[in-house]
Amino acid sequence: MMHKAAPSSTSILWLMLGLTLAASPHFLYQPIWVSLVFLTAIAWRCMNIWFDWYLPSNKHYLVRIFQLVIAVAAILAITFNYGSTIGRDAGVAFLVMMLGLKVTEIRSQRDYYVTVFLGYFVVITNFFFTQSIPMVMMMFIVVIIMTACLITVNDPKHVIKKLQIVKLSGQMLVQSLPIMLILFVLFPRIAGPLWGLPQDSHSGSTGIDNKMTLGKISNLIQSDKVAFRVSFEGELPPPAQRYWRGPVLWLTDGTTWTEINRSLTSAVETNIEYSGAEYHYSLTLEPHNENWLFALDMPNKSPTTVKSHINADGVLQSNESVKQRVHYQLTSQPDYQFNQQHEPFVQRALELPDNHHNLSKQLAQQWRSETATDEAYIQRVLSHFNQSDFYYTLTPPLLTGDTIDGFLFNSRRGFCEHYAASFTVLMRAAGIPARVVTGYQGGEINPVNDTLVVRQRDAHAWTEVWLQDKGWVRIDPTAAVSSDRIEYGINEIMPLSMRSPLFVANSDALIELWQSINNNWDAVNNVWNLWVLAYGPERQRDFLTKLGMTNPNWQSIAIWLGSLLSLVFILLPLLLFYQRQQADPVVRLYQDFCSKLAKFQLIPATGEGPNDFANRAIKTLQHHKSDINTITQLYIDLHYGNKSHSITELQTAIKLFQPKKAQ
Amino acid sequence: MTDRVINDVLDSINSIILGKEHTVKLALTCMLAKGHLLIEDLPGVGKTTLAHTLAATLGLSFQRIQFTSDMLPADILGVSVFDRNASQFTFHPGPIFTQLLLADEVNRATPRTQSALLEAMEEQQVSIEGQTHPLPTPFFVIATQNPSHQIGTFPLPESQLDRFLMRIKIGYPNAAAERSLLLGEDRRQLLQALTAVITPEQLLKLQKHATSIHVSEALVDYVQRLLAYSRESGLYLFGLSPRAGLAIIHAAQAWALIAQRDHVVPEDIQAVLPSVVAHRLQARDEQASINLVSDLISHVTII
């Protein structure tokens, strides 16, 4: 019997190619030994086909014991490495390794199918790690190859040529696109953990911390990663107002700045009065594993689509940490008065650790005594930064000892966090309440889709001082040193060539080309993020409402989904049935005759004529010889003869034809 | 009546050509379908004997031309010679003026001579110096050629291969047939003794009868699918021409006539297909080791 035959070597080789490609993205972060086990198994199987290497057969009990030992060892090794076999990373490593072991023991068609389906599953696991466009394209190719595997294993005679297999497989995938689209658009999206990924799926996202130690942001500044993308309705705020507010740091132990205890701050009423221009925008925030959302300083309302509130520091605080890309609409007004009359935590904004920054404290007290007002003192400090030989540099010298004193009196080279921290210390030492605000400043406009792209390298820190009757006022000491950083953004500070790969750095034209490729690619990614990856419950509701569905909820969506899918599955057979109806009634009768014989595995092959088929059938059903011959003759006379016979004779003959197995 | 006649013809030929019933049937099919026959095989398997036997059994006048590389068209077609007495040119017909012409080893002749023959085959007449001389009816050419890879051959181009309705191979006889051949009488003497079973007039009648064999719409659909597959599958360098389609149907009609049926069935098509289309098809991928015709048959649905 054909279906019990071992899969052909061609189909095995196709499978090896498909599996290797499917698992290859995992090689990047899996422990090397997992990849090695997998690749060794694949290579062994290929060697078995090419050079007839030995392959264990499970007939022998020693081989079975060996396989068992290897499997147990694999489980133990993974448990040892990850602490369990559950979770995203351990689960995927387990899957890849077992898949490799399975490859060495594919013998029957059944084994082959099991392996192909495991391969499809490996394809899905790649999306636990990244859902980027290149990954989707690569996995699309893998799915074409895996489907080609299913074709080759069903084509033991190699009737279909190599390229045709790929073409056929691609055709099948393209034909399935409508169903894919229906499922994508209509499958009910339910927010919540039901569809969530394993807990460890979100490790490794980077972004601004709620701590600041001098030297930390510099890591971010090297990073090209997108932090968030903003598209404004209408006008953009001028560059100098593009402050994206993040965690506010109050406490310092002399080196590290941290937030004030949240359970205290959230209990306090804040008083923010807004005035002036309003900016409406929507923001797509990349996951950063933390509890805050970024907003243009200062948002006047928390967004409706994400559960969040504006906390006592004016930071948009989300209820859950941002583990997936979120998209929200906001309105911000850069003119605002923050706790104008009363700041309940004013004392915390004056604290400085004892025995730290002694030189700075002295300097501050001296200057404060020389100036009349707080405002004048602030100006004095800023002009000190501006006129003394302070430099803005992304690669400051390493500071040892008291970092603030060291920076102010010795190195004088640093970037935003150095200036923000030391400015805050100078303020507090002079009795002016001050705090450090972290976040992003600037961003780059992508001319392709007019989106403001804010990257990790736009990370920034500035200072707010509290003045009676004015409230918290933003003072950016970095602007005093390097006004370009604030006016034009970090990109102007970093030369273009520094942000491009080496091979284009020598030619301006190439740099421009590189820039425009980057912009277009980012625009494509933005669309992908917004319409495919961020297609969650809200997007689905919006989209379906636009399509004319009134008040879609998951029940009505499910009903639509079910109806559309059943429509497809009813229409397809109907179409096939209709095509059959179109056929000659004689042919239909003959097909009935054939389906009666099909019970005995007698199916006319492509290109097998009725007489040849009858002769073959008679070999199996000797006792029905005369019936089969009569029916075939009647059919031939009707279908190919030149006399007009009556169809009824054939009809009756086929109706009465009830083939049974010989006794 | 036709049934008996055809059986008699086949029996008569099979008494000389032993163990080659299918090949003999194909050769007769070709003649009943008014087609020219190309026999391609090694020397000594009975190509010439088959042609002789066919001529003798069907009562046709017979000529044989052994093709050589120094042969000229005039050697086949004939020449006009100046007759001194009549003071004019008179046409001396060449060996082509016969009912059955055996063109032996046709691929040994130069292309010029080959095309003279093939032109006459197509036109059923010979034109020399402005004068047209019709060829006798029925007129058949049975050409033999050695496998093309042999030394000193000019392979027939595709366009000229197309003029032959069928190309068949004879092949070695099976053991039993070969034994009786070796033990039996000399074939030449048997041939001498062979008498015609039918007259050329009867043959013409049979040819006419073959064209009246019913070809149903369903069958034409099948032939069209075959043609379409040969053009669209990408396996073949060129698809089959409409002329090839006609050839398939004519040959299948003649085959059905021999099988004593008044209509053509798909099996008739499949029976003649290898000999009708094999010489008209070329694989796109020359390395491919598939049988082009069986591939064609096994990929095209009948219903």
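Residues numbered from 1 in each chain as written. Chains lettered and ligands numbered in written order. Predicted model: local features only at pLDDT ≥ 70, side-chain atom pairs only at ≥ 80, totals over all residues. Heavy atoms only, no water.

Q: Just to check I follow, could you spell out the overall build of chain A for this structure?
A: Each helix and strand counted, chain A has 24 helices and 20 strands in total. Sorting the 663 residues of chain A into buried and exposed places 45% on the buried side. Look at the contacts in chain A between residues 6 or more apart in sequence, and 71% of them connect residues 24 or more apart. Total accessible area on chain A is roughly 33,600 Å²; 60% of this is exposed by carbon and sulfur atoms. (Helix = DSSP H or I, 4+ residues; strand = E, 2+ residues; numbered from the N terminus. Buried < 20%, exposed > 50% of the residue type's maximum accessible area, 1.4 Å probe, protein only. Contact = heavy atoms within 4.5 Å. Areas by Shrake-Rupley, 256 points an atom, 1.4 Å probe, with all protein chains shown as cover.)

Q: Would you take a moment to explain the domain arrangement of chain A for this structure?
A: A common way to report how large an interface is uses the accessible area buried once the components associate. All names here are of chain A. Along its sequence, chain A is carved into domain 1 (2–172), domain 2 (211–353 + 433–494), domain 3 (502–532) and domain 4 (583–656). Counting residues at the interface gives 14 residues for domain 2 and nine residues for domain 3. With both sides pooled, the region where domain 2 packs onto domain 3 buries about 890 Å², and carbon together with sulfur makes up 41% of that total. It is R229, N446 and V448 that lose the most area in domain 2 upon contact with domain 3, and together they represent 46% of the buried surface on that side. Across the salt bridge formed by D522 and R229, the nearest N and O atoms sit 2.8 Å from each other. For the interface between domain 2 and domain 3, the tally reads three residue pairs in polar contact (both at pLDDT 80 or more). Those elements that place two or more of their residues in the side of domain 2 that touches domain 3 are β2 (226–233), β17 (444–446) and β18 (451–455). Here the residues of the side of domain 2 that touches domain 3 sort into four nonpolar, five polar and five charged. (Domains from an automatic or database assignment. Buried area = accessible area lost by both parts, 1.4 Å probe. Salt bridge = Lys/Arg side-chain N within 4 Å of Asp/Glu carboxyl O. Polar contact = N/O pair within 3.5 Å; in protein donor to acceptor, adjacent residues only side chain to side chain. Nonpolar A, V, L, I, M, F, W, Y, C, P; charged D, E, K, R; others polar.)

Q: For this particular structure, what's the right way to read helix α11 (residues 358–370) of chain A?
A: Residues that lie three or four places apart on an α-helix share one face, since the helix turns once every 3.6 residues. Residue and element names in this part refer to chain A. If you check α11, its first and last C-alpha atoms are 19 Å apart, about what 13 residues at 1.5 Å a residue would give, namely 18 Å. Within α11, burial applies to S360, K361, L363, A364 and W367. Summarising the axial view, the buried residues of α11 lie within an arc of 165°, below the 170-degree limit, and thus occupy one face. For α11, the exposed residues lying more than 90 degrees away from the buried face are Q362 and S369. (Expected span 1.5 Å × (residues − 1). Arc of directions from axis to C-beta.)

Q: Looking at this structure, I do not really get the packing of aromatic side chains. What am I missing?
A: For any pair of aromatic rings, geometry is given as the distance between the ring centres together with the angle between the planes. Residues and elements named next belong to chain A. For the coordinates displayed, the defined rule picks out 27 aromatic pairs over all chains. Taking the centre distance of 6.3 Å and the plane angle of 70° together, the rings of W250 and F345 count as edge-to-face. Note that W250 is positioned in the loop between β3 (243–249) and β4 (251–252) and F345 in the loop between β13 (335–338) and α11, a separation of 95 residues in sequence. Aromatic pair F407 and Y419: ring centres 5.0 Å apart, planes at 85°, arrangement edge-to-face. With F407 in helix α13 (residues 403–411) and Y419 in helix α14 (residues 416–429), the pair connects residues that are 12 residues apart, well separated along the chain. Using a relative accessible area of 0% as the deciding quantity, one classes Y419 as buried. An aromatic cluster is defined as three or more aromatic residues linked by ring pairs; in this entry it consists of F228, F232, W244, Y281, F294 and Y440. (Phe/Tyr/Trp six-rings, centres within 6.5 Å; stacked < 30°, edge-to-face > 60°.)

Q: Sorry if this is basic, but what is going on with the sheet that holds β2 of chain A here?
A: Backbone-to-backbone hydrogen bonds join strands into a sheet, with any given pair of strands oriented parallel or antiparallel. Residues and elements named next belong to chain A. One open sheet accounts for five strands, arranged β12-β7-β2-β18-β17; its pairing is antiparallel. Each end of this open sheet is capped by a strand with a single partner; those strands are β12 (326–332) and β17. Sheet twist, expressed as the average angle between the axes of neighbouring strands with direction ignored, equals 30°. In terms of strand pairing, β2 meets strand β7 (residues 279–285) through six bridges, oriented antiparallel. Paired with S231 across the two strands is S282, which belongs to β7. The strands that helix α18 (residues 508–533) touches are β2, β7, β12, β17 and β18; relative to β2, the one it contacts most, it runs at about 80°. (Pairing = 2+ DSSP bridges. Axes fitted to C-alpha atoms, helices over the stretch in contact; angles between N-to-C directions.)

Q: Explain unusual backbone geometry to me, please; I cannot follow it from the model alone.
A: Peptide bonds are trans in most cases, and residues, glycine excluded, mostly fall at negative phi. Following D297 of chain A, the chain continues into M298 of chain A via a peptide bond in cis, with omega recorded as 10°. Mapped onto the fold, M298 of chain A is located in the loop between β9 (295–296) and β10 (308–310). A cis amide bond, omega -20°, links T137 of chain B with the succeeding residue P138 of chain B. In this structure, K34 of chain B is a non-glycine residue whose phi angle is positive, near 60°. The topology assignment puts K34 of chain B in the loop between α2 (21–32) and β1 (36–40). Relative accessible area serves as the criterion here: at 53%, K34 of chain B is assigned to the exposed category. One non-glycine residue, Q124 of chain B, lies in positive phi territory at about 60°.

Q: Is there a simple way to think about the pairing of β3 of chain A in this case?
A: Successive side chains on a regular strand alternate, one facing one side of the sheet and the next facing the other. All names here are of chain A. With respect to burial, β3 is a largely interior element, seven of its seven residues being buried. Pairing of β3 with strand β16 (residues 434–441) involves five bridges; the strand directions are antiparallel. Each bridged residue has a counterpart across the sheet, and for Y243 the counterpart in β16 is Q441. For β3 and β9, the ladder comprises two bridges, and the chain directions are antiparallel. Bridging across to β9, W244 finds its partner in L296.

Q: Looking at this model, I keep getting lost on the pattern of salt bridges. Mind explaining?
A: Side chains that differ in charge, positive against negative, can pair when their charged atoms come close. Residues and elements named next belong to chain A. If you walk through the whole model with that rule in mind, you get 24 salt bridges over all chains. A salt bridge links R245 to E464; the nearest nitrogen and oxygen atoms lie 2.8 Å apart. With R245 in strand β3 and E464 in strand β19 (residues 459–467), the pair connects residues that are 219 residues apart, well separated along the chain. Each member of the pair, R245 together with E464, is buried. Close ionic contact of E375 with K470 constitutes a salt bridge, the shortest N to O distance being 3.5 Å. Of the two residues, E375 sits in helix α12 (residues 374–387) while K470 sits in the loop between β19 and β20 (471–475), which places them 95 residues apart along the sequence.

Q: Any chance you could explain the confidence of the model for chain B here in plain terms?
A: Low-pLDDT portions of the prediction should not be read for the details of their coordinates. Scored by pLDDT, chain B has a mean of 87; 97% of the residues are at 70 or more. The secondary structure element of chain B with the lowest average pLDDT is helix α6 (residues 158–161) of chain B, at 80, and the one with the highest is helix α11 (residues 242–258) of chain B, at 94. (pLDDT = per-residue confidence, 0-100.)

Q: What exactly am I supposed to notice about the packing of helix α22 (residues 610–620) of chain A against helix α12 (residues 266–277) of chain B here?
A: The angle between the axes and the distance between the axes are what describe a pair of packed helices. For the pair α22 of chain A and α12 of chain B, interaxial distance at closest approach is 7 Å and the crossing angle is 100°. Looking at the two axes, α22 of chain A sits roughly perpendicular to α12 of chain B. Counted together, P610, N611 and D612 of chain A of α22 of chain A and P266, E267 and Q270 of chain B of α12 of chain B form the full contact between these two elements. Taken together, the residues of the contact of α22 of chain A with α12 of chain B break down into two nonpolar, two polar and two charged. (Parallel < 35°, antiparallel > 145°, perpendicular 65-115°, else oblique.)

Q: It is not clear to me how the domain arrangement of chain B should be interpreted in this structure. Could you clarify?
A: All names here are of chain B. You can read the domains of chain B as domain 1 (2–206) and domain 2 (212–299). The C-alpha-based centres of domain 1 and domain 2 are spaced at 24 Å. The junction of domain 1 with domain 2 conceals about 1,800 Å² of combined surface from both sides, 61% of it contributed by carbon and sulfur atoms. Summed over the three residues of domain 1 that lose the most area to domain 2, namely D162, L165 and R167, the buried surface amounts to 30% of that side. Our count for the domain 1 to domain 2 interface comes out at two salt bridges. Across the pair D162 and R243 runs a salt bridge, and its minimum N-O distance is 3.3 Å. For the pair domain 1 and domain 2, the number of links is six residue pairs in polar contact (both at pLDDT 80 or more). At six residues, the largest contribution of residues to the side of domain 1 that touches domain 2 is made by α2. Split into classes, the residues belonging to the side of domain 1 that touches domain 2 amount to 12 nonpolar, three polar and seven charged.

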